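Here's the letter readout for the chains.
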Amino acid sequence: MHDYHVHTTYSDGSLLPRMVAAAEQAGLDGLGLADHCNVFDTEGARAYRDAFGFNLDLTHERRRRAIERYRDRTDLRLYDGVEMDYHPDHEDAIDEFLADAAFDYAIGSVHQLDGANVHDREHFAALSPTQRERAVETYVDRVVGLLDSDLFDIAAHIDLVERNPALRGLLSENHYRRIADALAASQTVPEINAGRVTREYGDFHPSEEFFETLVDAGVGFTIGSDAHEPQELLECTDRLESTVEHRDVPIVELGL
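Not measured: the values here are computed from a predicted model. (Residues numbered from 1 in each chain as written. Predicted model: local features only at pLDDT ≥ 70, side-chain atom pairs only at ≥ 80, totals over all residues. Heavy atoms only, no water.)

Draft legend 1. Expanded view of the pairing of strand β2 (residues 30–37). Counted residue by residue, β2 has 8 buried out of 8 residues, so it is predominantly covered. By the bridge criterion, 3 bridges tie strand β1 (residues 2–6) to β2 in an arrangement that is parallel. The partner of H2 across the bridge, within β2, is G30. By the bridge criterion, 8 bridges tie β2 to strand β3 (residues 77–85) in an arrangement that is parallel. The residue of β3 that forms the bridge with A34 is G81. (Buried < 20%, exposed > 50% of the residue type's maximum accessible area, 1.4 Å probe, protein only. Helix = DSSP H or I, 4+ residues; strand = E, 2+ residues; numbered from the N terminus. Pairing = 2+ DSSP bridges.)

Here's what the structure looks like:
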């Protein structure tokens, strides 16, 4: 099994050697390092990068050298990936950066809505029901835009709003179908993502109901633990293997 979505200290994860060691212990065949990256040229985005140290746009070559060194020390296939923030207003900047950086693959994700991170419970809990519904509609619009852009190989946690209790349950069957139709027409593949399986949310992305809609549309998947710590990777690997078998997930090879 190949896990294409783990994080290191090049964004908000653990040390790269520790993540590689955990992947070896988990019995994985391949591991993709896909640290967060944002190239939006706005004051808010710059402040966010400075505050949280999400500077893979500046450090990806250094990380690539580290990956190359570890390729000689492990039987794992190591991949030099990236998780890029997506916004329709910044497609040109994303395209230019990805072409120049030449990662093995790129994961696209939507994290920002209404000027806040999707995970911000306090922000979205303070909104009216109508405003929350609009936020989820905007989220779906942006996921569809991400897929239509064909900038990415993988689409991350495509129902991320489910992690936030204030937004949970607002995705509808119509939303599922919109995203499924966009995926069917795109080169981008969604992932089975375990990023909150071991935490309060306790489920995979996409949800089982959403998953069935995608499979009916002929969509395949990659696998991603979205792990930030070694123990999380170990725990998620077992659960991913189980859900892949239980759901009979159609796996897509990236051809790397």
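Draft legend 2. Molecular detail of the side chain of E162. Here E162 is to be found in the loop between β7 (154–155) and α7 (173–184). An unpaired buried charge is present at E162: no salt bridge exists, and R168, the closest side chain of opposite charge, is 4.6 Å distant. Setting aside residues no more than four positions away along its own chain, E162 makes contact with R168, G169, L171, Y176 and Y201. (Lys, Arg positive; Asp, Glu negative; His and termini not counted. Salt bridge = Lys/Arg side-chain N within 4 Å of Asp/Glu carboxyl O. Contact = heavy atoms within 4.5 Å.)

Draft legend 3. Quick look at the packing of aromatic side chains. Inspection of every chain in the model, using the stated rule, returns 10 aromatic pairs. Both rings, one in Y48 and one in F52, keep their centres 4.7 Å apart while their planes meet at 40°; by these two values the pair is tilted. Of the two residues, Y48 and F52 both sit in helix α2 (residues 43–52), 4 residues apart, roughly one turn of that helix. With a centroid separation of 5.9 Å and an interplanar angle of 55°, the aromatic rings of F97 and F103 are classed as tilted. The exposure class of F103 is buried, given its relative accessible area of 11%. Through pairs of rings, three or more aromatic residues link up here, namely Y4, Y79 and Y105. The ring of Y70 carries R73 above its face, with NZ or CZ at 4.7 Å from the centroid. (Phe/Tyr/Trp six-rings, centres within 6.5 Å; stacked < 30°, edge-to-face > 60°. Lys NZ or Arg CZ within 6 Å of the ring centre and 35° of its normal.)

Draft legend 4. Quick look at the pattern of salt bridges. In this structure the tally under the stated criterion is 14 salt bridges. A salt bridge links E232 to R199, with the nearest nitrogen and oxygen atoms 3.1 Å apart. Within this pair, whereas E232 is found in helix α9 (residues 230–247), its partner R199 is found in the loop between β8 (189–193) and α8 (208–216), the two being separated by 33 residues in sequence. A single network of salt bridges, built from pairs that share partners, joins D35, R63, R64 and D80.

Draft legend 5. Up close: the packing of helix α1 (residues 16–26) against α9. At a closest axis distance of 8 Å, the pairing of α1 and α9 adopts a crossing angle of 25°. With respect to each other, α1 and α9 are oriented roughly parallel. Read as a crossing pair, α1 and α9 show a hand that is right-handed. Contacts from R18, M19, A22, A23, Q25 and A26 of α1 reach α9 at P230, L233, L234 and T237. (Axes fitted to C-alpha atoms, helices over the stretch in contact; angles between N-to-C directions. Parallel < 35°, antiparallel > 145°, perpendicular 65-115°, else oblique. Left-handed = near helix turned anticlockwise from the far one by under 90°.)

Draft legend 6. Expanded view of the nonpolar core. Membership of the largest hydrophobic core comes to 57 residues, with the highest contact counts inside it found for M84, I94, L98, F152 and I179. Element by element, the count of residues in this core is highest for helix α6 (residues 129–149), at 8 residues. Judged by nonpolar contacts, the second largest core, of 17 residues, contains A66, I67, L78 and A227. (Core = buried A, V, L, I, M, F, W, Y, C linked by side-chain atoms within 4.5 Å.)

Draft legend 7. Looking closely at α7. The end-to-end C-alpha distance of α7, which contains 12 residues, comes to 16 Å, matching closely the 16 Å that a straight helix rising 1.5 Å per residue would cover. Lining the buried residues of α7 we find α6, β8 and α8. (Expected span 1.5 Å × (residues − 1).)

Draft legend 8. Structural context of the environment of F103. Mapped onto the fold, F103 is located in the loop between α4 (91–101) and β4 (105–109). When neighbours within four sequence positions are excluded, F103 is seen to be in contact with L56, H60, R63, R64, D80, G81, V82, F97 and L98.

Draft legend 9. Local environment of the environment of H2. Looking at the secondary structure, you find H2 in strand β1. C-alpha separation for the pair H2 and T222, spaced 220 residues apart in sequence, amounts to 8.2 Å. What H2 contacts, discounting residues up to four positions off in sequence, is D29, G30, R77, Y79 and I223. In this structure the side chain of H2 is engaged in a polar contact, spanning 3.3 Å, whose partner is the side chain of Y79. (Polar contact = N/O pair within 3.5 Å; in protein donor to acceptor, adjacent residues only side chain to side chain.)

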